Amino acid sequence: MIFKSIKFHNYRCFLDGEISFTNSSSYNKNITLIIAPNGSGKTELLFSFWWVLYANDFDFASLSNKEVTPYALNTDVYRKIQEGEVNNQDYCEVTLKFEYENRTFILSRKETYKKTAKRESLKQIMEVELSEINDKGTRQLPNSNPEQINTRLEKMLPKKVLHGIIFDGERMQRISSSNEKAIEGIRGVVSDVTSNDLIELSIMELSSVKRKYNSTRRDLLKSKDSDASTLQQESIELEESIENQTKTYNNFVEEEENVSKRILEISNELLTYEKTREIQLEFNAKEKEKESAEKSYDKKIDELTAELNTNGPLLLTKNLFNQVEEITSSIDIPQGLNVEAIESIIKRQTCVCGEKLDHIKLELLNELKSKLPPDNVNSLILEIIRQKNNNINQATGRLSNNWEEIDTIDKEIHTLKERISVLKKELTSVDFNGEKLIKERDTLSEKRTNLLTRINSLRDSIESDKNLLIEYERKIINMSEKDKELEGVNLKIDFLNKSIQALERIKEVHNESALKKLNTIIKDSYRLLAEDFNYGRDIYIVQFTKEKYKIVTYLSKDVEEYMSSQRDWEFLSEKYGIDNNLTLTDEIKYEISILENATPHSTGQSKAVTISFVKAILDYSMMEKEQQEEFEVQKKYPVVIDAPFGDLSGKNLTLPASNLNSFSEQVILMLSPDSFKNVREFLKDDVGISYKIEKLVDKNYSTISKASLGVSI
Amino acid sequence: MTIQKSNRNITETVLDDLKFSHSEKKLFKSIIRTIRSSKSTSQSDLQNELIIMIEEEFKDDIQKY
């Protein structure tokens, strides 16, 4: 399939707009580049492919971490209808033009939203149309039966395949981490390329024809009054029983797969739960810290208030004291020179040095005595001021320290509040009950054990009934020997039995062979695209063990060393759920060794793994198949990637960027302007057409326009 | 360790293993082609078509008895 164009009307953030895609069988200028800043609609564009192809299986609410509304209609248009009169309505539509096996099709999906009196939310009516454009370019009468369209689309581009060819950076990481989507992708591609549906349909048709021949034989035997007629009737009944058992078996297997998937999902959710518990613990600790900091804050404020109450007036007198000190210091009276001292000298008539005082000196002393203050208060004042200043300085120091401490605690409280707010947000965004999940997992594990027991028992029963059927068949043939008419029917039944057996075997072998081929191809892709290959890391898709289809990476030398040492292979094969009936070949041992030595990846490494996986499934689908092979077919898929280069650097960035054109005849790539700048040099020669998406300021929609690779982007 | 590539046609190998004769192989492949191209045919039409093909193929063999 090749996408030709996609057109929008009122769909999500695109009120209107159309993008034409380029492609090239020579892998030249086959990249359609869409440059769009984050938040302008890259992911919306990516998922519009999902919506137009398989809307019923698409849940917008599942787009975690994206700004989403749970409907396809543009938010503003939705609101306008909602706020308007009853019976107001409008619609959104996505039209995809594509080419499949040299025929052009137009797929159009439209959803009308109508306000009704009774409903709070709008009534939604979905319509889908698929039409073919004939050789003359005329659009043929469209088919509007959703089921028929779905069946046709499943044949052209199966839903499972979309997991491997349409994804964004966020999903890239999931592909290589949880692997669920990768498994869907690999299964989808393998099943599509090896015509699994055709094999299953053929088995069904041939079984029906065989039933008819069995009835004919029973009637013939009855008419000939042969004992074999009873046996034939039993054989028919046994066959019906085998069919019913097989149906039940398949249902159980499917149920077991779903249960296992859910268990895996729960395990992943529980990892988040563990993380949430850690967040909760940190939240509680930070809350306590905040409480204690607030207490310290209050205490310090009390201390500050007390200090101010005690020494506040003193602090206010500092200026006054300074002035008094200045004035007092300006009157220079030596210490000890006071009225009492002068009077003592005058009384003694002799100086302290022993000199006799004459009347002139005595007069001078009397004059001095009259001018001196009654006592020398200056020094006293200065002493008091010194003491007060000392007190003031101490109080100021204490207040200053106190204030600094208050400031530090305040900042600490602020930081704690910020962290608490972040943690609170993280906690409220996780909406699940861990205990409930653990209970669900336990219940499911029990259910899985029961299912596995029933599956094994059914498998044995089917096997034994099949053997019995062969025995009946042999007996019937013996009993109907030498009867021309019966021999003829026997031949046809024998042929049909062999054909059904052949189809079952072909399906099995195709699957095994496809996984082997994919493993060879993914190694080549990894070698081409991942920097880590040069450091001895390699990649593998699990083929035999219970983790079938899982992608793992490992260090080659570790696996070689592991393989060369003595191992308890029986224990290991049990650990990895290897079927008891399977011979423990070197290939299986090799796989177990890889699983034992599988290494975790960083975000960048995960992306390198996913990029290699995508190239591998595309290369595999495009591989030239054996001539005259009835079931393996060559498939052409486009690849649509949103922001694959984030978190990549070095060769993990340059290698995929410079080889992106070789992924498929058609590569639709969405990048932010910044990301484009990083890879521009490696991509520019392979870009056939480019567009830009711009979100209008304060509007709930974006515009799409053609762009050049020049400065404007 | 390199994983062996199988270059053999899977269908052909399986049919050989199950000892399909040349004419049976031809019939098997025609049946598959008919089923593959039966997109618009109804199920009963398809089964009748398959029965006609089988009858036609075994016509000569039956004559022998």
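Residues numbered from 1 in each chain as written. Chains lettered and ligands numbered in written order. Predicted model: local features only at pLDDT ≥ 70, side-chain atom pairs only at ≥ 80, totals over all residues.

1. Section: the overall build of chain B
Of regular secondary structure, chain B possesses 3 helices and 0 strands. Its helices and strands in sequence order give chain B the pattern α-α-α, from N to C terminus. Within chain B, the proportion of its 65 residues that are buried is 20%. (Helix = DSSP H or I, 4+ residues; strand = E, 2+ residues; numbered from the N terminus. Buried ≥ 20, exposed ≤ 12 C-beta atoms within 10 Å, placed from the backbone.)

2. Considering the overall build of chain A
The number of helices and strands found in chain A is 20 helices and 14 strands. Within the span of chain A, comprising 713 residues, buried residues form 30% of the whole. Taking the intrachain contacts of chain A between residues at least 6 apart in sequence as the baseline, contacts between residues at least 24 apart amount to 73%. (Contact = placed C-beta atoms within 7 Å.)

3. Structural notes on the confidence of the model for chain B
Residue and element names in this part refer to chain B. On average, residues of chain B score 78 in pLDDT, and 71% of them reach the 70 mark or higher. The lowest-confidence element of chain B is helix H3 (residues 43-64), averaging 80 in pLDDT; the highest-confidence one is helix H2 (residues 22-36), averaging 91. Across the assembled chains, the prediction reports ipTM 0.88 with pTM 0.68. (pLDDT = per-residue confidence, 0-100.)

4. Side note on the packing of helix H19 (residues 651-659) of chain A against helix H20 (residues 673-683) of chain A
Residues and elements named next belong to chain A. Packing of H19 against H20 leaves a shortest axis separation of 8 Å and a crossing angle of 50°. By the angle class used here, H19 and H20 are oblique. In this structure, H19 meets H20 at a crossing whose hand is right-handed. Residues Leu-653, Thr-654, Ala-657 and Ser-658 of H19 form the contact with H20, whose own contacting residues are Asn-678, Val-679, Phe-682 and Leu-683. Its residues placed into classes, the contact of H19 with H20 shows 5 nonpolar, 3 polar and no charged. (Axes fitted to C-alpha atoms, helices over the stretch in contact; angles between N-to-C directions. Parallel < 35°, antiparallel > 145°, perpendicular 65-115°, else oblique. Left-handed = near helix turned anticlockwise from the far one by under 90°. Nonpolar A, V, L, I, M, F, W, Y, C, P; charged D, E, K, R; others polar.)

5. Quick notes on the sheet that holds strand E8 (residues 537-541) of chain A
Hydrogen bonding along the main chain pairs the strands of a sheet, whether they run parallel or antiparallel. Residues and elements named next belong to chain A. Strands sit in the order E8-E9-E10 across an open sheet of 3 strands; the sheet is antiparallel. Of all strands in the sheet, those with a lone pairing partner are E8 and strand E10 (598-599), marking the two edges. As paired strands, strand E9 (residues 551-555) and E10 are joined by 2 bridges and run antiparallel to one another. If you follow Thr-553 over to E10, its bridge partner there is Thr-599. Contacting E8 and E9, helix H15 (residues 556-564) runs over the sheet at an angle of about 80° to E9. (Pairing = 2+ DSSP bridges.)

6. Here's the deal with the pairing of strand E12 (residues 667-671) of chain A
Residue and element names in this part refer to chain A. With 5 of 5 residues buried, E12 is to be regarded as a mostly interior element. Burial along E12 is two-sided: the residues Val-667, Leu-669 and Leu-671 and Ile-668 and Met-670 are all buried. Where strand E3 (residues 31-35) and E12 come together, 5 bridges link them in parallel fashion. Residue pairing across strands places Ile-31 opposite Val-667, the latter belonging to E12. Where strand E11 (residues 639-642) and E12 come together, 4 bridges link them in parallel fashion. When the bridges of E12 are listed, Val-639 appears paired with Val-667. Taken together, E11, H19 and E12 constitute a β-α-β crossover, and its handedness is right-handed. (Right-handed = clockwise from strand over helix to strand, strands pointing away.)

7. Regarding the nonpolar core
If you look at the biggest cluster of nonpolar residues, it comprises 96 residues, and the most contacted ones within it are Ile34(A), Val639(A), Leu669(A) and Met670(A). When residues in this core are grouped by element, the largest group, 9 residues, is from helix H18 (residues 603-622) of chain A. Ignoring anything within four residues of it in the chain, the contact list for Val639(A) reads Ile165(A), Val614(A), Leu618(A), Phe663(A), Ser664(A) and Val667(A). Core analysis: the second largest hydrophobic core is formed by 25 residues, Ile199(A), Ile493(A), Phe495(A) and Ile32(B) among them. (Core = buried A, V, L, I, M, F, W, Y, C linked by C-beta atoms within 7 Å.)

8. As for the interface of chain A and chain B
Each side of the interface is counted separately: chain A has 31 residues, and chain B has 26 residues. For the side of chain A that touches chain B, the class distribution of residues is 10 nonpolar, 10 polar and 11 charged.

9. A word on the environment of Pro638(A)
All names here are of chain A. Of note, Pro-638 is situated in the loop between H18 and E11. Classification of Pro-638 as buried rests on a count of 24 C-beta atoms within 10 Å. Along the backbone, Pro-638 and Leu-157 are 481 residues apart, and their C-alpha atoms lie at a distance of 9.8 Å. Excluding residues within four positions of it along the chain, Pro-638 makes contact with Met-1, Ile-2, Phe-3, Ile-165, Ser-664, Gln-666 and Ile-668.

10. Considering helix H8 (residues 228-316) of chain A
Taking 1.5 Å per residue, 89 residues should reach 132 Å; H8(A) reaches 124 Å between its end C-alpha atoms and fits that length. At Thr310(A), H8(A) shows its maximal bend, which comes to roughly 55°, and the proline Pro313(A) appears one to four places after that position. (Expected span 1.5 Å × (residues − 1). Bend = angle between axes of the 7 residues up to and from the residue.)

11. As for unusual backbone geometry
All names here are of chain A. Positive phi values are uncommon outside glycine, yet Asn-87 reaches one of about 80°. Relative to the elements of secondary structure, Asn-87 occurs in the loop between helix H2 (75-83) and strand E4 (89-100). For Asn-87, a count of 10 C-beta atoms within 10 Å translates into the label exposed. Although it is not a glycine, Asn-102 adopts a positive phi angle of roughly 60°. Inspection of the secondary structure assignment puts Asn-102 in the loop between E4 and strand E5 (103-114). Given 6 C-beta atoms within a 10 Å radius, Asn-102 is considered exposed.

12. Digging into the environment of Lys25(B)
Residues and elements named next belong to chain B. Within the element layout of this structure, Lys-25 appears in helix H2. C-beta crowding within 10 Å serves as the criterion here: with 16 such atoms nearby, Lys-25 is assigned to the partly exposed category. With sequence-adjacent residues up to four places away left out, Lys-25 is seen in contact with Leu-15 and Phe-20.

13. Focus on the environment of Thr610(A)
By secondary structure assignment, the location of Thr610(A) is in helix H18. Separated by 446 residues in the primary sequence, Thr610(A) and Gly164(A) have C-alpha atoms spaced 9.2 Å apart.

14. Topic: the confidence of the model for chain A
With 92% of its residues at a pLDDT of 70 or more, chain A has an overall mean of 85. Helix H5 (residues 169-177) of chain A is the least confidently modelled element of chain A, averaging 57 in pLDDT, while strand E1 (residues 2-11) of chain A averages 96, the highest of any element.

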